[in-house]
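Secondary and tertiary structure notes
Take a look at the letters that make up each chain.
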Amino acid sequence: MTLLNEADVGIALASLDGWALDEDGKALRRQFTFDSFVEAFGFMTRVALLAEKADHHPEWSNVYNKVDIRLTTHDANGLTDRDIKLAQAIDAL
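In this numbering scheme, every chain counts its residues from 1 along its sequence in written order. Residues qualify for local features only when their pLDDT is at least 70, as the model is predicted, and side-chain atom pairs are given and counted only at 80 or more; totals for whole chains, interfaces and linings, by contrast, use all residues. To get the side-chain values, all heavy atoms of the structure are used, and hydrogens and water are removed first.

Quick look at the overall build of the protein chain
In this description a helix means any DSSP run of H or I spanning at least four residues, a strand means any run of E spanning at least two, and both kinds are numbered starting from the N terminus. Each helix and strand in the protein chain was counted, giving three helices and four strands. Each helix and strand of the protein chain, ordered N terminal to C terminal, gives the series α-β-β-α-β-β-α. Two things to know: the radius of gyration comes from C-alpha atoms, and the globule rule equals 2.2 Å times the number of residues to the power 0.38. For 93 residues, the compact-globule estimate of 2.2 N^0.38 gives 12 Å, and the C-alpha radius of gyration of the protein chain, at 13 Å, lies within 12% of that figure. The dimensions of the protein chain, computed from C-alpha atoms along their principal axes, are 40 × 25 × 20 Å. Across the 93 residues of the protein chain, 37% fall into the buried class. The contacts of the protein chain with a sequence gap of at least 6 include a subset with a gap of at least 24, amounting to 62%. Where the 9 positive side-chain charges of the protein chain centre and where its 16 negative ones centre are 3 Å apart. Burial here depends on accessible area, computed with a 1.4 Å probe over protein chains only, as a share of the maximum for the residue type. Under 20% is buried, over 50% is exposed, and the range in between is partly exposed. Contacts were defined at the residue level, with two residues in contact if any of their heavy atoms lie within 4.5 Å. Charged residues are defined here as Lys and Arg on the positive side and Asp and Glu on the negative side; His and the ends of the chain fall outside this count. Where a charge sits is defined by one atom per residue type, namely NZ (Lys), CZ (Arg), CG (Asp) or CD (Glu).

Have a look at this one:
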């Protein structure tokens, strides 16, 4: 896995809806808000299936109708194509 350079991260962020670079520059973050806990949990279930298929799992939390997702590649200590691809797949939901 190769870390993305600053230019590649910028291009990727421009193609993603609502994602932002984490404070340390090593992860992508996004918060999703739903009408209810059930909708938020259903979304998390769909993301879990995508993540399992990609063998790349998010850091996330859920409080009632909000889901916070952080994507990073721990083995590479930063952002890789795996994070971008998973963020794109999540956006497609």
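So, helix H3 (residues 81-92)
A helix is expected to span 1.5 Å for every residue after the first. Taking 1.5 Å of rise per residue, twelve residues should cover 16 Å, and H3 covers 16 Å from first to last C-alpha, within 8% of that figure. Of all the positions in H3, only Asp83, Ile84, Leu86, Ala87 and Ile90 are classed as buried. In a view along the axis of H3, the buried residues occupy a sector of 165°, so they form one face of it. Turned more than 90 degrees away from the buried face of H3 sit Lys85 and Ala92, all of them exposed. Tucked into the core, H3 has its buried residues touching helix H1 (6-15), strand E2 (28-33), helix H2 (37-54) and strand E4 (66-71). Comment: arc refers to directions from the helix axis out to C-beta atoms.

What to know about the environment of Thr72
Tracing the chain through its elements places Thr72 in the loop between E4 and H3. Judged by relative accessible area, Thr72 falls into the buried class, the value being 8%. Residues Thr72 and Arg46 lie 26 residues apart in sequence; the distance between their C-alpha atoms is 19 Å. In this view, Thr72 contacts Lys26, Ala27, His56, Glu59, Gly78 and Asp83; residues no more than four positions away in its chain are not counted. Here a polar contact is recorded for every N or O atom pair within 3.5 Å, except that within protein the pair must consist of a potential hydrogen donor and a potential acceptor, and residues adjacent in sequence are included only if both atoms are side-chain atoms. One polar contact links the side chain of Thr72 to the main-chain carbonyl oxygen of Lys26, over a distance of 2.5 Å.

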